[in-house]
Amino acid sequence: MGSISLRDLSKTYGGGAIAAVKSVNLEIEDGEFVVFVGPSGCGKSTLLRMIAGLEKISSGTVAINGKVVNEVASRNRDIAMVFQNYALYPTMTVRENIAFALELRKFPQAAIDERVNEAARILDLKELLDRKPGQLSGGQRQRVAMGRAIVRHPQAFLLDEPLSNLDAKLRVQLRAELGRLHQRLGVTTIHVTHDQVEAMTLGSRVAVFSRGTLQQYDTPQKLYDAPKNLFVAGFIGSPATNFLEGVFGGDGVVQIGAATIRPGAVKAGGQSGRVIAGVRPEHLSWKPREEGTSGALAGTVDLVENIEPEAYVTIALDDPSARVHRADETASEANGAQQVVQRIQMRVSSRAAPALGQKVVLTVDPKHVRLFDAASGAAL
């Protein structure tokens, strides 16, 4: 199997004027399932194509099993790539599509038959071997594309958004199949997606990208619990993290408009100054607002989205001094926050959700508040 090492890997266009990938350093261990995730245009597919040898490297190195492969042709890198559009030959049967790469390499017919049958068994394609791609559903075609990769017994699988063309139900089904397939084969796998749910459910580690830059490379749990900057905190999690502008005092208290909170993750005596407090929707609770009550986190229920068994509740805040932000990669190179309307979102049980138009007061769970530097966007 294969470990993959990326050292200061970059890709530029237009004589260096446009940087698609900026000095990425990553270590992918043998047998690991790693997911590259980020918004469209963040460089994740370009990075995958450089690993595959389909895109010329501008600077840096790609090493597979310790051997630098920058100048090695794609066909000689011993990797198998699965594309978003399946790339099946329409005039060939499923059997012929799966066997094609082995026939090009002049494998003995007995070995080809053995590997094709093994892949068909693993992917539940036995009954479809004599059909052509036009007779298959989207999910079946994607399994054939995986079968074509499996029979090569490569050191690594590179998957470029293989589920994005499928409907929601089929995507969930094939996502589970991908996970089981990796457990069975144990082959090093890199999976590219813009879907954070895909990333968090499949990856043993996840690399989050924005504007060609690696933002954080960690386990799904650490990405969620301890994001390194505003971009990661805002991108990972659904609904997205709420960001509230505040002032952090040396005593460990954050002032947000008229409200004060003492984040459990930050020790007293830290550097004071303007901060962004990140609060995930599930770490907010509510109670009915009594007559005359005011405060930074008092407001009116603006929208209730029932997504059983939960509800996503949007609250329009009363206090204009409680400035709400959202993470936005276009805000600054440092992935800062950008101010929008004064609304925050809460996630609660649908049975315990407030009514539309109800006046409420919100309480923040201080143990789960994350603070970010307002200027750089870095976690404190």
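1. As for the overall build of the chain
Working step 1: The secondary structure content of the chain amounts to eight helices and 22 strands.
Working step 2: The dimensions of the chain, computed from C-alpha atoms along their principal axes, are 85 × 45 × 35 Å.
Working step 3: In the chain, buried positions account for 49% of the 380 residues.
Working step 4: Considering only contacts within the chain whose residues lie at least 6 apart along the sequence, 69% involve residues at least 24 apart.
Working step 5: Taking the average location of the 44 positive side-chain charges in the chain and that of its 40 negative ones, the two points are 3 Å from each other.

2. Some words on the nonpolar core
A general tendency of soluble globular proteins is for nonpolar side chains to be buried together.
Working step 1: Counting 44 residues, the largest nonpolar core has Ile 98 and Val 208 as its most contacted members.
Working step 2: Not counting residues up to four positions away in its chain, the partners in contact with Val 208 are Val 37, Thr 213, Leu 214, Gln 215, Gln 216, Leu 223, Phe 231, Val 232, Phe 235 and Ile 236.

3. Examining the pattern of salt bridges
Working step 1: Enumeration over the complete set of coordinates arrives at 13 salt bridges.
Working step 2: The salt bridge involving Asp 318 is made with Arg 289; its shortest N-O contact spans 2.1 Å. In this pair, Asp 318 sits in the loop between β17 (310–317) and β18 (324–327) while Arg 289 sits in the loop between β15 (284–288) and β16 (298–307), placing the two residues 29 residues apart along the sequence.
Working step 3: Here Asp 318 falls in the partly exposed class, since its relative accessible area comes to 40%.

4. Here's the deal with the sheet that holds strand β8 (residues 188–193)
Working step 1: Reading across the sheet, the six strands line up as β6-β7-β8-β3-β9-β10 and stay open at both edges, with mixed pairing between neighbours. Each edge of the sheet is formed by a strand with only one pairing partner; in this case those strands are β6 (79–82) and β10 (213–218). Averaged over all adjacent pairs, the angle separating strand axes in this sheet is 15 degrees, with direction ignored.
Working step 2: Of the strand pairs in this sheet, strand β9 (residues 205–210) and β10 are connected by five bridges, and their pairing is antiparallel. Of the residues in β10, the one forming a bridge with Val 208 is Gln 216.

5. A short note on the environment of Asp 373
Working step 1: Within the secondary structure, Asp 373 sits in strand β22 (residues 370–373).
Working step 2: Assessed through its relative accessible area of 27%, Asp 373 is described here as partly exposed.
Working step 3: Along the backbone, Asp 373 and Gly 273 are 100 residues apart, and their C-alpha atoms lie at a distance of 8.5 Å.
Working step 4: Among all residues touching Asp 373, those that are not within four sequence positions of it are Ala 378 and Leu 380.
Working step 5: Within polar-contact distance, the side chain of Asp 373 engages the backbone nitrogen of Ser 376 at 2.8 Å.

6. What about the side chain of Thr 189?
Working step 1: You can see Thr 189 is positioned in strand β8.
Working step 2: Among the polar contacts made by the side chain of Thr 189, one reaches the main-chain carbonyl oxygen of Val 187 at a distance of 2.9 Å.
Working step 3: When sequence neighbours within four positions are dropped, the list of residues in contact with Thr 189 reads Glu 32, Phe 33, Val 34, Phe 157, Leu 159 and His 182.

7. Quick word on helix α3 (residues 109–122)
Working step 1: Between its first and last C-alpha atoms α3 spans 20 Å; for 14 residues at 1.5 Å apiece the expected length is 20 Å, and the two agree.
Working step 2: Here α3 has its buried residues at Ile 112, Arg 115, Val 116, Ala 119, Ala 120 and Ile 122. Across the axial projection of α3, the buried residues extend over an arc of 165 degrees, all falling on one side. Along α3, the residues that are exposed and aim more than 90 degrees away from the buried face are Ala 110 and Glu 114.
Working step 3: Buried residues in α3 make contact with α2 (94–104), α4 (138–150) and α5 (168–185).
Working step 4: At the C-terminal side of α3, Asp 124 shows a positive phi close to 55 degrees.

8. Description of unusual backbone geometry
Working step 1: That bond from Ser 238 to Pro 239 is cis: its omega, -5 degrees, falls within 30 degrees of zero.
Working step 2: The topology assignment puts Pro 239 in the loop between α8 (230–235) and β11 (242–248).
Working step 3: Backbone torsion omega between Glu 308 and Pro 309 reads 10 degrees, so that peptide bond is classified as cis.
Working step 4: In this fold, Pro 309 is placed in the loop between β16 and β17.
Working step 5: A positive phi angle, close to 50 degrees, is found at Asp 8, a residue other than glycine.
Working step 6: Mapped onto the secondary structure, Asp 8 falls in strand β1 (residues 4–13).

9. Observations regarding the layout of surface pockets
Working step 1: Of the voids in this model, the largest pocket is the one considered here, and its volume is about 450 Å³.
Working step 2: If you go around the largest pocket, you meet 18 residues; those closest to its centre are Met 81, Phe 83, Ala 101, Arg 148 and Arg 152.
Working step 3: Counting residues per element, the lining of the largest pocket draws most heavily on β6, which supplies four residues.
Working step 4: Broken down by class, the residue content of the lining of the largest pocket amounts to 13 nonpolar, one polar and four charged.

10. So, the environment of Ala 149
Working step 1: Looking at the element boundaries, Ala 149 is found in helix α4.
Working step 2: Residue Ala 149 is classed as buried on the basis of its relative accessible area of 3%.
Working step 3: In sequence terms Ala 149 and Ile 79 are 70 residues apart; their C-alpha atoms lie 8.5 Å from each other.
Working step 4: With residues up to four places along the chain from it excluded, the contact list for Ala 149 reads Ala 80, Val 82, Pro 154 and Phe 157.

Rules used in this analysis
- Residues numbered from 1 in each chain as written.
- Predicted model: local features only at pLDDT ≥ 70, side-chain atom pairs only at ≥ 80, totals over all residues.
- Heavy atoms only, no water.
- Helix = DSSP H or I, 4+ residues; strand = E, 2+ residues; numbered from the N terminus.
- Buried < 20%, exposed > 50% of the residue type's maximum accessible area, 1.4 Å probe, protein only.
- Contact = heavy atoms within 4.5 Å.
- Lys, Arg positive; Asp, Glu negative; His and termini not counted.
- Charge placed at Lys NZ, Arg CZ, Asp CG, Glu CD.
- Core = buried A, V, L, I, M, F, W, Y, C linked by side-chain atoms within 4.5 Å.
- Salt bridge = Lys/Arg side-chain N within 4 Å of Asp/Glu carboxyl O.
- Pairing = 2+ DSSP bridges.
- Axes fitted to C-alpha atoms, helices over the stretch in contact; angles between N-to-C directions.
- Polar contact = N/O pair within 3.5 Å; in protein donor to acceptor, adjacent residues only side chain to side chain.
- Expected span 1.5 Å × (residues − 1).
- Arc of directions from axis to C-beta.
- 1 Å grid on protein atoms, 1.4 Å probe; cavity = no way out; pocket = protein on both sides within 12 Å on 5 of 7 lines; lining within 4 Å.
- Points joined across faces, edges and corners; volume = space filled by probe spheres on them.
- Nonpolar A, V, L, I, M, F, W, Y, C, P; charged D, E, K, R; others polar.

Keep in mind that these numbers describe shape and distance, not what the molecule does.
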